[in-house]
Amino acid sequence: MNKSLSKRPHILFLFSDTGGGHRSAAEAIIEALQLEYGDAITSEMVDIFLDYAPPPLNRLPSLYPTMVKLPHAWGLGYRLSNGDRRASLITGSAWPYLRRSIRRLIANHPCDMIVSVHPLANAPVLRGLGQVRPTYITVVTDLVTTHALWYHRRTDLCIVASEEAYQRAIRFGLKPGQVQIVGLPVADRFCQPPGDRQALRERFGWPQNRPLILLVGGGEGMGPLEKTAQSIAQSCPTAGLIVIAGRNQELKSRLEAMTWPVPTFIYGFVREMPDFMRAADILVTKAGPGTISEALIAGLPMILYSRLPGQEDGNVSYVVSEGAGIWAPRPEQIITTLQNWLKHPEQLSAAAAACQRLAQPQAARKIACILAEKLRITRETQHNT
Ligand code: UDP
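Report follows, based on the coordinates. (Residues numbered from 1 in each chain as written. Predicted model: local features only at pLDDT ≥ 70, side-chain atom pairs only at ≥ 80, totals over all residues. Heavy atoms only, no water.)

Points about the site of the ligand
Here is step 1: Near the ligand you find 18 residues, and of these Gly20, Gly21, Val270, Thr291 and Glu294 are the closest.
Here is step 2: Between the ligand and Gly21, the relevant distance is 2.8 Å, taken from an oxygen atom to a main-chain nitrogen or oxygen of the residue.
Here is step 3: Here the ligand loses 95% of its free accessible area of 540 Å² to cover by the protein chains.
Here is step 4: Broken down by element, the residue count for the shell around the ligand peaks at 4 residues, all from helix 14 (residues 289-298). (Near = heavy atom within 4 Å. Polar contact = N/O pair within 3.5 Å; in protein donor to acceptor, adjacent residues only side chain to side chain. Areas by Shrake-Rupley, 256 points an atom, 1.4 Å probe, with all protein chains shown as cover. Helix = DSSP H or I, 4+ residues; strand = E, 2+ residues; numbered from the N terminus.)

Put into structure tokens, the structure is as follows:
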């Protein structure tokens, strides 16, 4: 092997598939590293629960879609654990149970830098690493109302997406020099110039002459997607409907078995989300941070119909206060908003412009540059390897 290649710095990304956002964020940063620095830095992703946690925690990714179906219990758990001391108490009591798994993780993945995109990785991994350790960076993948567990005093740098997330970091004990506002990392495919909308619609077999409403419930097809899809189809006869059931196979099968009064296209988990967003006119979605950030870049006005209590509460005000979208938790509010936007295209255009004002398309590349700088990698390094 080329000697210089064998010395390339290695980054370990800690994530988990609890929702789609953590994986999307890690992948976006890895892609940006590749785009900016070629092969000068290597990386790998480890699912902290699936790959290392002891039972029953290793089942968290598969249990997550069920857990978030109980929003009140979820919200209560979030509130009860969301405090500096409470978070330390929880992670401290879990340590004896996690210790062996964390030590195995660290031993199996030697690296020059760890980037955590999951709040539950930070305390146990930083404790397991001890004093002599690789640089540890946290990239917070929630937008505004970020949980205390994101913020660990021993992190070398904590990257956040908003001023409020920054203020929370300080409140939870981080020093100003430890926190940087950059944005939520989004895949480069979302950040390319918009393609030809007509050509995209033709490729997907979608109608050209109808406004298209894209309905998404995060990576897991969460929230009352079925009821919402039916109300939209019945109340917006001039529109077309694209429904993304994500990894929720049961929901996808149920939707496929229905008869729809308007042209309706049902999908499971799709890779073409950037093009779907470019080809659509309005997004109806749960308030997931990834989906919101992507839609802002696509200039796609959004109606937020549900949110996970706690971590997604602030996402709603973030979008609504700037005019990029509307909060409509009841189906009739969704319909009123849709009908209003379809009748007044100038209002839809104003919301699209607000999206673009809030968009942070450079976040993944900026984060890649920060990581590379800490690893002392420059763009020239790329050419020398
Ligand atoms: N996503 C996707 N294909 C799908 C559904 C979702 O690529 O069929 C992506 C979506 O673009 C976003 C992520 O999954 O990047 C969902 O993240 P978000 O933070 O919105 O919600 P979460 O699933 O984490 O609650």
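Side note on the pattern of salt bridges
Here is step 1: Under the defined criterion, the tally for this structure stands at 17 salt bridges.
Here is step 2: The residue Arg153 makes a salt bridge to Asp84 at a minimum N-O spacing of 3.1 Å. Here Asp84 lies in helix 6 (residues 84-108) and Arg153 lies in the loop between strand 4 (135-139) and strand 5 (157-160), a separation of 69 residues in the sequence.
Here is step 3: Here Lys286 ties to Glu312 by a salt bridge, and the two come within 2.6 Å at their closest N and O atoms. Residue Lys286 is located in strand 10 (residues 282-286), and its partner Glu312 is located in the loop between strand 11 (302-306) and helix 15 (313-320); the two are separated by 26 residues in the primary sequence.
Here is step 4: A relative accessible area of 3% means that Glu312 is categorised as buried.
Here is step 5: Ionic contacts of the salt-bridge type, sharing partners, join the residues Asp17, Arg23 and Glu27 into one network. (Salt bridge = Lys/Arg side-chain N within 4 Å of Asp/Glu carboxyl O. Buried < 20%, exposed > 50% of the residue type's maximum accessible area, 1.4 Å probe, protein only.)

A word on the sheet that holds strand 8 (residues 240-244)
Here is step 1: Read from one edge to the other, the open sheet built from 6 strands follows the order 9-8-7-10-11-12, with strand pairing classed as parallel. Each edge of the open sheet carries a strand with a single partner, namely strand 9 (264-267) and strand 12 (325-327). With strand direction ignored, the average angle separating the axes of adjacent strands in the sheet is 15 degrees.
Here is step 2: As defined by bridge partners, strand 8 adjoins strand 9 across 4 bridges and the pair is classed as parallel. Following the sheet pairing, Leu241 is matched in strand 9 by Thr264.
Here is step 3: In the packing of helix 11 (residues 225-235) onto the sheet, the strands contacted are strand 7 (212-216), strand 8, strand 10 and strand 11, and the crossing angle to strand 7 comes to about 170 degrees. (Pairing = 2+ DSSP bridges. Axes fitted to C-alpha atoms, helices over the stretch in contact; angles between N-to-C directions. Contact = heavy atoms within 4.5 Å.)

Quick look at the packing of helix 16 (residues 331-343) against helix 17 (residues 345-358)
Here is step 1: Where helix 16 meets helix 17, the axes come as close as 5 Å, and the angle between the chain directions of the two elements is 105 degrees. With respect to each other, helix 16 and helix 17 are oriented roughly perpendicular. Mapping the contact onto sequence places Asn340, Trp341, Leu342 and Lys343 in helix 16 and Pro345, Gln347, Leu348 and Ala351 in helix 17.
Here is step 2: Of the residues in the contact of helix 16 with helix 17, the class split is 5 nonpolar, 2 polar and 1 charged. (Parallel < 35°, antiparallel > 145°, perpendicular 65-115°, else oblique. Nonpolar A, V, L, I, M, F, W, Y, C, P; charged D, E, K, R; others polar.)

Describing the pairing of strand 8
Here is step 1: Of all 5 residues in strand 8, 5 are buried, a share of seventy percent or more.
Here is step 2: Here strand 7 pairs with strand 8 via 5 bridges, running parallel. Residue Ile213 lies in a different strand from strand 8, and its bridge partner there is Leu241.
Here is step 3: Once you follow strand 7 into helix 11 and on to strand 8, the crossover reads as right-handed.
Here is step 4: Where the polypeptide runs from strand 8 across helix 12 (residues 249-256) and back to strand 9, its parallel neighbour, the crossover connection is right-handed. (Right-handed = clockwise from strand over helix to strand, strands pointing away.)

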